[in-house]
Amino acid sequence: MTSVARLLAALGLAVTCAGPALAGPDDQPKSPALDAAAVKAKLVGNTLVGNFGVYWSVLEAHADPGGALKLHIFTKGAIENDDRRETGKWWLDGAKICIKTVNIDFGSSDCFAVHDDAGTVRLVYTACTAVSSNNCKTGRVGFEGKIVTGDAVK
């Protein structure tokens, strides 16, 4: 994240015209995207824990083997905190993991290529469509973090 983005996030200010510089970490994935079998083995039944979204909120996301998705998103700002819990669904579209939530991002659906760079998992937005979230930008890193075994959503 750029120093300007860090400053704005620390001040709890929203940026309505966020461009790629505010969109994610400076590091793009160094590894190729995982194939479908590797994505399923890595994510299904486990929890992603790390940073998500334009303002790098803390995210815990559990992908239940039955297709249910459980999320906990927390953003700590200088003015206010945002602490949300959400359920939704996930599915595989080839080697991409796709998610749909009800409240967060107004029921949008996003799909991500999954990369594993020496234990750091990065989800990269794939082709954005009319049903994608406002955060979606093809090629943007949308999540960066680690895998925790089992359901670790607090």
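Look up: the structure comes first, before these words.
Residues numbered from 1 in each chain as written. Predicted model: local features only at pLDDT ≥ 70, side-chain atom pairs only at ≥ 80, totals over all residues. Heavy atoms only, no water.

(A) Region of interest: the overall build of the protein chain. A tally of helices and strands in the protein chain yields two helices and eight strands. Moving toward the C terminus, one meets the helices and strands of the protein chain in the order α-α-β-β-β-β-β-β-β-β. Per-residue burial over the protein chain gives 44% buried out of 154 residues. Expressed as a percentage of contacts within the protein chain between residues at least 6 apart in sequence, the contacts between residues at least 24 apart total 47%. For the protein chain, the accessible area works out to roughly 8,000 Å², and carbon and sulfur atoms hold 59% of it. (Helix = DSSP H or I, 4+ residues; strand = E, 2+ residues; numbered from the N terminus. Buried < 20%, exposed > 50% of the residue type's maximum accessible area, 1.4 Å probe, protein only. Contact = heavy atoms within 4.5 Å. Areas by Shrake-Rupley, 256 points an atom, 1.4 Å probe, with all protein chains shown as cover.)

(B) A look at the state of the cysteines. In the structure shown here, the tally under the stated rule is two disulfides. Each sulfur in the disulfide pair cysteine 98 and cysteine 111 lies 2.0 Å from the other. Given an S-S torsion of about 105°, the disulfide between cysteine 98 and cysteine 111 has right-handed geometry. Of this pair, cysteine 98 sits in strand S5 (residues 96-101) while cysteine 111 sits in strand S6 (residues 109-117); the two residues are 13 residues apart in sequence, bridging distant segments of the chain. Across the pair, exposure class does not vary: cysteine 98 and cysteine 111 are buried alike. Put simply, cysteine 128 and cysteine 136 are joined by a disulfide, and their sulfur atoms are 2.0 Å apart. Taking the sign of the S-S torsion, about -90° here, the bridge from cysteine 128 to cysteine 136 comes out left-handed. Cysteine 136 sits in the buried class, given a relative accessible area of 14%. Looking at the protein chain, its bonded cysteines, counted consecutively from the start of the sequence, adopt the pairing 1-2, 3-4. (Disulfide = S-S within 2.5 Å.)

(C) The arrangement of the nonpolar core in detail. In this structure, Leu48, Leu59, Trp90, Ile97, Phe112, Val114 and Leu123 are the most contacted members of the largest nonpolar core, which totals 23 residues. Setting aside residues up to four positions removed in sequence, phenylalanine 112 forms contacts with Phe52, Ala95, Lys96, Ile97, Ile99, Leu123, Val124, Tyr125, Thr126 and Gly142. (Core = buried A, V, L, I, M, F, W, Y, C linked by side-chain atoms within 4.5 Å.)

(D) Region of the structure containing the sheet that holds S6. One closed barrel holds the eight strands; their spatial order is S1-S2-S3-S4-S5-S6-S7-S8, and the pairing between them is antiparallel. Taking the axes of each pair of neighbouring strands and ignoring which way they run, one obtains an average angle of 35° across the sheet. The pairing of strand S1 (residues 47-52) with strand S2 (residues 57-63) spans six bridges and is antiparallel. Across the sheet, the residue bridging to phenylalanine 52 is serine 57, located in S2. (Pairing = 2+ DSSP bridges. Axes fitted to C-alpha atoms, helices over the stretch in contact; angles between N-to-C directions.)

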